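Chain and residue survey
Listed below, chain by chain, are the residues.
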Amino acid sequence: MKTLYECKKNDKVKVTKLKAEPELKQRLISFGIMKGAVLDVLEQTSTKSNVEIRVGKTTLALRSAEAKNIEVESI
């Protein structure tokens, strides 16, 4: 399974699983990042330390460690 960390700019993906610790998982869910959510990958830093995504009308920047905990599939 592919993670959000492995996605490239302009990918559109659907969340299939969150593998995060309970505290991080709850924070991601509060942003709308949950199973079935559609994410647009807007940007990735050249060092891949951050991933900028859009969830609905909200734009977020996630650390690479957080992005590695989000399993996705292409749509």
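Counting restarts for each chain: residues are numbered from 1 in the order of the written sequence. Under the rules for a predicted model, residues below a pLDDT of 70 receive no local features and side-chain atom pairs below 80 are neither given nor counted, while totals for whole chains, interfaces and linings still include all residues. Values reported for side chains reflect all heavy atoms of the structure, with hydrogen atoms and water molecules removed beforehand.

A closer look at the packing of aromatic side chains
Our working rule: For Phe, Tyr and Trp, rings pair up if their centres lie within 6.5 Å, where Trp contributes its six-membered ring, and each pair is then called stacked (planes under 30 degrees apart), edge-to-face (over 60) or tilted (otherwise). Cation placement over rings: the criterion is NZ of Lys or CZ of Arg within 6 Å of the ring centroid and within 35° of the ring normal.
Under the criterion given, the structure shown has 0 aromatic pairs. Over the ring of Y5 we find K68, and its NZ or CZ is 4.6 Å from the ring centre.

Thoughts on the nonpolar core
Going by this rule: By nonpolar core is meant a set of buried Ala, Val, Leu, Ile, Met, Phe, Trp, Tyr and Cys residues that side-chain atoms within 4.5 Å join together. Relative accessible area decides the class of each residue, using a 1.4 Å probe on protein chains only: under 20% of the type maximum gives buried, over 50% gives exposed, and in between gives partly exposed. Under the scheme used here, helices are H or I runs from DSSP no shorter than 4 residues and strands are E runs no shorter than 2 residues, and both carry numbers assigned from the N terminus. Contact definition: two residues touch when any of their heavy atoms are within 4.5 Å.
Residues L4, V15, L28, I33, L39, I53 and I70 are the most contacted members of the largest nonpolar core, which totals 20 residues. Elements that contribute at least two residues to this core include exactly β2 (12-18), α1 (22-30), β3 (38-44), β4 (50-55), β5 (58-63) and β6 (70-74). Apart from the residues lying within four places of it in its own chain, the contact partners of L4 are V13, L39, V41, Q44, V51, I53, L62, A67, I70 and V72.

Brief notes about the confidence of the model for the protein chain
Rule in force here: pLDDT measures how confident the predictor is about each residue, on a scale from 0 to 100.
For the protein chain, per-residue confidence averages 93 on the pLDDT scale, and residues scoring 70 or more make up 100% of the total. Mean pLDDT across the secondary structure elements of the protein chain bottoms out at helix α2 (residues 64-67), with 93, and peaks at β2, with 97.

Comments concerning the sheet that holds strand β1 (residues 2-3)
We apply this condition: A pair of strands is labelled paired if DSSP reports no fewer than 2 bridges between them.
With antiparallel pairing, 6 strands are arranged side by side in an open sheet as β1-β6-β2-β3-β4-β5. This sheet does not close on itself; its edge strands, each paired only once, are β1 and β5. Bridging between β4 and β5 involves 6 bridges; their strand directions are antiparallel. Of the residues in β5, the one forming a bridge with V55 is T58.

Concerning the pattern of salt bridges
Defined as follows: Any Lys or Arg side-chain nitrogen found within 4 Å of a carboxyl oxygen on Asp or Glu counts as a salt bridge.
Scanning the entire structure with this criterion turns up 6 salt bridges. For the salt bridge of E73 with K14, the shortest nitrogen-to-oxygen distance reads 4.0 Å. Of this pair, E73 sits in strand β6 while K14 sits in strand β2, and the two are 59 residues apart along the sequence. Residue R63 pairs with E66 through a salt bridge whose shortest N-O separation is 2.9 Å. The exposure class assigned to R63 is exposed, which follows from its relative accessible area of 53%. Members of the salt-bridge network, linked through shared partners, are R27, R63 and E66.

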